[in-house]
Amino acid sequence: MEQVVIGLVLVAVVAAVAFVVSRRSTPDAPTRGVARVPAQLDRNDFEATDAEWLLVLFSSATCGTCASARSRLESLDEGVVAGRVARAEVTWEQHGPIHERYGVDGVPLIVVVDERGVVRASVVGVPKAGEIEEALAALEPSDGTGS
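Since this is a predicted model, take the numbers as computed values, not measurements. (Residues numbered from 1 in each chain as written. Predicted model: local features only at pLDDT ≥ 70, side-chain atom pairs only at ≥ 80, totals over all residues. Heavy atoms only, no water.)

**Topic: helix α4 (residues 92-101)**
Applicable threshold: The buried label goes to any residue with under 20% of its type's maximum accessible area, the exposed label to any with over 50%, and the partly exposed label to all in between, with areas taken from a 1.4 Å probe on protein chains only. Secondary structure elements are defined from DSSP: runs of H or I of at least 4 residues count as helices, runs of E of at least 2 residues count as strands, and each element is numbered from the N terminus. Residue contacts follow a heavy-atom distance rule, with two residues in contact if any of their heavy atoms lie within 4.5 Å.
For α4, every residue scored as buried is listed here: G96, I98 and H99. For α4, the elements touching its buried residues are β1 (53-59) and β2 (85-91). Two residues or fewer after α4 comes G103, characterised by a positive phi angle close to 70°.

Next up, the structure:
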């Protein structure tokens, strides 16, 4: 009888260990790979509406990489952006409804918007050195007609 009890205890221990191991080895649920990028913005939602291009950084105060993205934007070559490009930062904490309005679900997100509000370029995450300048240089100048 003693051997049966020891056997049952061993089976129970093995079953418990197998259960714990199987729970630990279960892969995590997949994460969303890419943040959604809006196709168009209403430029009236932002203070700087008179420049040819609007560069918008969607960010959050709790996002560590947002500070790096902000720094990268602040260091843009002024020869590339002077007079043509206005900049705006939209933090989740101060402008959550704007994030929601445009479906922004990941930060940092940088978009380049033309005079009509059409998103012409975007970067999810921290842009590589020169990436924003290259995107701006590739954009054709607006003809100001809104077409």
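From this point on, the discussion continues.
**Observations regarding the pattern of salt bridges**
So the rule is basically this: By definition, a salt bridge exists where a carboxyl oxygen of Asp or Glu is found within 4 Å of a side-chain nitrogen of Lys or Arg.
Under the defined criterion, the tally for this structure stands at 7 salt bridges. A salt bridge links E89 to R70, with the shortest nitrogen-to-oxygen separation between them at 2.9 Å. Taken together, the residues span a long stretch of sequence, with E89 in strand β2 and R70 in helix α2 (residues 64-74) at a distance of 19 residues. Overall, R70 belongs to the partly exposed group, its relative accessible area being 25%.

**Quick notes on the pairing of β1**
We apply this condition: Any two strands are treated as partners once DSSP identifies two or more bridges connecting them.
Of all 7 residues that make up β1, 7 are buried, and the element is covered over most of its length. Alternating positions in β1 separate into two faces, W53, L55, L57 and S59 on one and L54, V56 and F58 on the other, with burial throughout. Here 7 bridges tie β1 to β2, and the two strands are oriented parallel to one another. Looking across to β2, one finds that F58 is bridged to V90. Strand direction decides the pairing type here: β1 and strand β3 (residues 109-113), joined by 5 bridges, are antiparallel. Counterpart to F58 in the pairing with β3 is L109.

**With respect to the sheet that holds strand β4 (residues 119-124)**
Put simply, the rule reads: The angle between two axes is taken between their N-to-C directions and runs from 0 to 180 degrees, where each axis is a line fitted to C-alpha atoms and a helix contributes only its stretch in contact.
Taken in spatial order, the 4 strands line up as β2-β1-β3-β4 in an open sheet, and their pairing is mixed. The open sheet has two free edges, formed respectively by β2 and β4, since each of these has just one partner strand. Along the sheet, successive strands turn relative to each other by an average axial angle of 15°, direction set aside. On the sheet, α2 packs against β1, β2 and β3 and is oriented at approximately 160° with respect to β1. Here helix α5 (residues 131-138) sits on the sheet in contact with β1, β2, β3 and β4, set at roughly 170° to β4.

**Points about the pairing of β3**
Of all 5 residues making up β3, 5 are buried, and the element is well covered by its neighbours. Both faces of β3 are covered, namely the face carrying L109, V111 and V113 and the face carrying I110 and V112. Summarising the sheet, β3 and β4 pair through 5 bridges and their orientation is antiparallel. Counted as the bridge partner of I110 is V123 from β4.

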